[in-house]
Amino acid sequence: MTAPLPLVGTDATDRADGPHDPSRPDPSEPAGRPPARDRYFDLLRAVALFRVVLYHLMGWAWLPVLFPSMGVMFALAGNLMARSLKRPAVQVVRGRMRRLLPPLWLLGAIGVSGMLAQGWSPDDDGHPGWWFLHLTFWVLPLSDPPYAEGLAGVPGVLGEDWAAELAGPLWYIRAYLWFVLLSPLLLKALRVLPWPTIAAPLVLSGILHFGWFSLPGERIDSALTDFSTFGACWILGMAHQQGVLKRLPQYVVPSLAPLVGAFGLWFAFHEGFRGGHDLDSIPFAQAVWSFATVLLLLHISPSWAEWPGRLRRWDRVITLLNSRAVTIYLWHNVCILVAAGLYDRLWGFETLERNVPWLLESSWPVLVLTWILISGCVLAFGWAEDLAARRRPRLWPDGSGGRGSGERRARARV
């Protein structure tokens, strides 16, 4: 399971998982009183998204421990979902799906066309009928969409097996969709039995890890594993919005979260945590550690309506990351693959190979090139997020627009 994109909505906190319009109020809010943006949540989303890209390039096992991006992103999405469910559930679920799917359809149209052009066909798995049926998961990702394996790519530009890299992040879209569909039921359960509902996914994750329960079929098993791993984070976000966490004495979370997190880390090391076998490979440890971190982050939550002074300089970058979170998440793996292929071509220059081999071996220039390519994807494909949200398409939605200083722009969004 790869980490996250992050991974959809119209109000002030719905930015980890979909299009972001800082100036558009939530329809659930009273007319004439747009909701205050929580810039703390915006910061968490931006950090989570940057960490996802950094981790997928560097592969450092300690990065998901330092900041469990996927747990954070699911929690923020759950927070928004609970807030939006003040409106009819069917309307909210339909709106979330409408904002999530068009960027996926664009990725699928380009990616599947490329796979077909390189020889992918219904005969590849020996079951043409199932192949066509599974293609519908590119339209409605209730399960992981299929992809071609072992494609040659484009020498020197697009690496081999690029289709697997393209499809890698799509588990998040599938998991997010299921969380959206289940949210009305989860919210009802949360209101009746708050803490048993929050703890239930963690218990399920432990049951699955120790083999006390299993389901036939890889597709069902992967969906259940993702729910058990990140369900507690999603429900924690809902609980935060519903005020459940605020009813706890102030000392409880700071006392409990470090103990829960320590148990998660102990379990990870007990299961052989290391490079190549990190938290993603140990779902129960991932679930416990993410839960503890999210619990602490939500407890700290300062609810910034405006940026603190030191963070104002980052306003436009953070706004852009939130505005194009789906595009960045969907395309970042391919951008990493292309950036690595292009950078490797520098080994063909004998002067560079002889004088600065350390530079050619470094991953940091690849990271810079990756973000340049991601910026190109934002320009080329980001409009799909605006169309999904029924907004006028924008090339570079970083919150600027000639409305004056950054401070005035910040006030205009609350």
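Residues numbered from 1 in each chain as written. Predicted model: local features only at pLDDT ≥ 70, side-chain atom pairs only at ≥ 80, totals over all residues. Heavy atoms only, no water.

Description of the overall build of the protein
A count of helical and extended segments in the protein gives 18 helices and 0 strands. Out of the 414 residues belonging to the protein, those deemed buried represent 53%. (Helix = DSSP H or I, 4+ residues; strand = E, 2+ residues; numbered from the N terminus. Buried < 20%, exposed > 50% of the residue type's maximum accessible area, 1.4 Å probe, protein only.)

Let's talk about the packing of helix α3 (residues 69-84) against helix α11 (residues 283-300)
Put simply, α3 and α11 touch, their axes get as near as 9 Å, and they point 50° apart. Between α3 and α11, the interaxial angle falls into the category oblique. Viewed along their axes, α3 and α11 form a crossing whose handedness is right-handed. In contact with Gly 71, Val 72 and Ala 75 of α3, α11 contributes Ser 290, Val 294 and Leu 297. Tallied by class, residues from the contact of α3 with α11 come to 4 nonpolar, 2 polar and no charged. (Axes fitted to C-alpha atoms, helices over the stretch in contact; angles between N-to-C directions. Parallel < 35°, antiparallel > 145°, perpendicular 65-115°, else oblique. Left-handed = near helix turned anticlockwise from the far one by under 90°. Contact = heavy atoms within 4.5 Å. Nonpolar A, V, L, I, M, F, W, Y, C, P; charged D, E, K, R; others polar.)

Here we look at the nonpolar core
In this structure, Phe 74, Met 115, Tyr 172 and Trp 234 are the most contacted members of the largest nonpolar core, which totals 114 residues. The element contributing the most residues to this core is helix α13 (residues 325-344), with 13 residues. Those residues within four positions of Phe 74 in sequence are excluded, and the remaining contacts are Trp 171, Tyr 172, Ala 175, Tyr 176, Phe 179, Phe 230, Cys 233 and Trp 234. (Core = buried A, V, L, I, M, F, W, Y, C linked by side-chain atoms within 4.5 Å.)

Considerations on a negative patch on the surface
Together, Glu 149, Glu 160, Asp 161 and Glu 165 make up a negatively charged patch on the protein surface. In this fold, Glu 149 is placed in the loop between α5 (128-135) and α6 (162-167). (Patch = residues over 30% accessible without salt bridge, like charges linked within 9 Å, V, L, I, M, F, W, Y side chains within 5 Å. Areas by Shrake-Rupley, 256 points an atom, 1.4 Å probe, with all protein chains shown as cover. Salt bridge = Lys/Arg side-chain N within 4 Å of Asp/Glu carboxyl O. Lys, Arg positive; Asp, Glu negative; His and termini not counted. Charge placed at Lys NZ, Arg CZ, Asp CG, Glu CD.)

Brief notes about unusual backbone geometry
We note that Ser 303 has phi near 55°; this positive angle belongs to a residue other than glycine. Tracing the backbone shows Ser 303 in the loop between α11 and α12 (315-323). In this structure, Arg 390 is a non-glycine residue whose phi angle is positive, near 60°. Assignment of secondary structure puts Arg 390 in the loop between α17 (383-388) and α18 (406-412). Classification of Arg 390 as exposed rests on a relative accessible area of 64%.

What about the packing of aromatic side chains?
For the coordinates displayed, the defined rule picks out 30 aromatic pairs. With centroids separated by 6.1 Å and ring planes inclined at 40°, the aromatic side chains of Tyr 40 and Phe 41 adopt a geometry described as tilted. Tyr 40 sits in the buried class, given a relative accessible area of 7%. Exposure remark for Phe 41: the relative accessible area of 2% places this residue in the buried category. What links up through ring pairs into an aromatic cluster is the set Phe 74, Trp 171, Tyr 172, Tyr 176, Phe 179, Phe 227, Phe 230, Trp 234 and Tyr 329. (Phe/Tyr/Trp six-rings, centres within 6.5 Å; stacked < 30°, edge-to-face > 60°.)

Points about a nonpolar patch on the surface
There is a patch of nonpolar side chains on the surface, built from Trp 105, Val 139, Leu 140, Leu 142, Trp 178 and Leu 181 and spanning about 490 Å² of accessible area. Here Trp 105 lies in helix α4 (residues 89-117). Given the relative accessible area of 41%, Trp 105 is considered partly exposed.

A look at the layout of surface pockets
As a volume, the second largest pocket reaches approximately 470 Å³. Around the second largest pocket sit 21 residues that line it, and Asp 38, His 240, Lys 246, Ser 301 and Ser 303 are the ones nearest its centre. Among the elements of the structure, α3, α9 (218-242) and α11 are those that each provide at least two residues to the lining of the second largest pocket. Residue composition of the lining of the second largest pocket, grouped by class: 9 nonpolar, 8 polar and 4 charged. (1 Å grid on protein atoms, 1.4 Å probe; cavity = no way out; pocket = protein on both sides within 12 Å on 5 of 7 lines; lining within 4 Å. Points joined across faces, edges and corners; volume = space filled by probe spheres on them.)

Topic: the pattern of salt bridges
In total, this model carries 10 salt bridges according to the counting rule given. Measuring nitrogen to oxygen at the nearest pair gives 2.9 Å for the salt bridge that ties Asp 398 to Arg 316. Pair noted here: Asp 398 is in the loop between α17 and α18 and Arg 316 is in helix α12, with a separation of 82 residues, a long-range link. Because the salt bridges share partners, they merge into one network encompassing Arg 39, Asp 42, Arg 45 and Asp 315.

Here we look at the environment of Leu 116
Within the fold, Leu 116 resides in helix α4. The exposure class assigned to Leu 116 is partly exposed, which follows from its relative accessible area of 42%. In this structure, the C-alpha to C-alpha distance between Leu 116 and Tyr 147, residues 31 residues apart in sequence, is 9.9 Å.

Side note on the side chain of Ser 69
Among the structural elements, Ser 69 can be located in helix α3. One polar contact links Ser 69 to Arg 51, side chain to side chain, over a distance of 3.0 Å. (Polar contact = N/O pair within 3.5 Å; in protein donor to acceptor, adjacent residues only side chain to side chain.)

Considerations on the environment of Trp 234
With respect to the element layout, Trp 234 can be found in helix α9. Owing to a relative accessible area of 0%, Trp 234 belongs among the buried residues under this scheme. Remark: the alpha-carbon pair of Trp 234 and Pro 201, spanning 33 residues in sequence, is separated by 10.0 Å.

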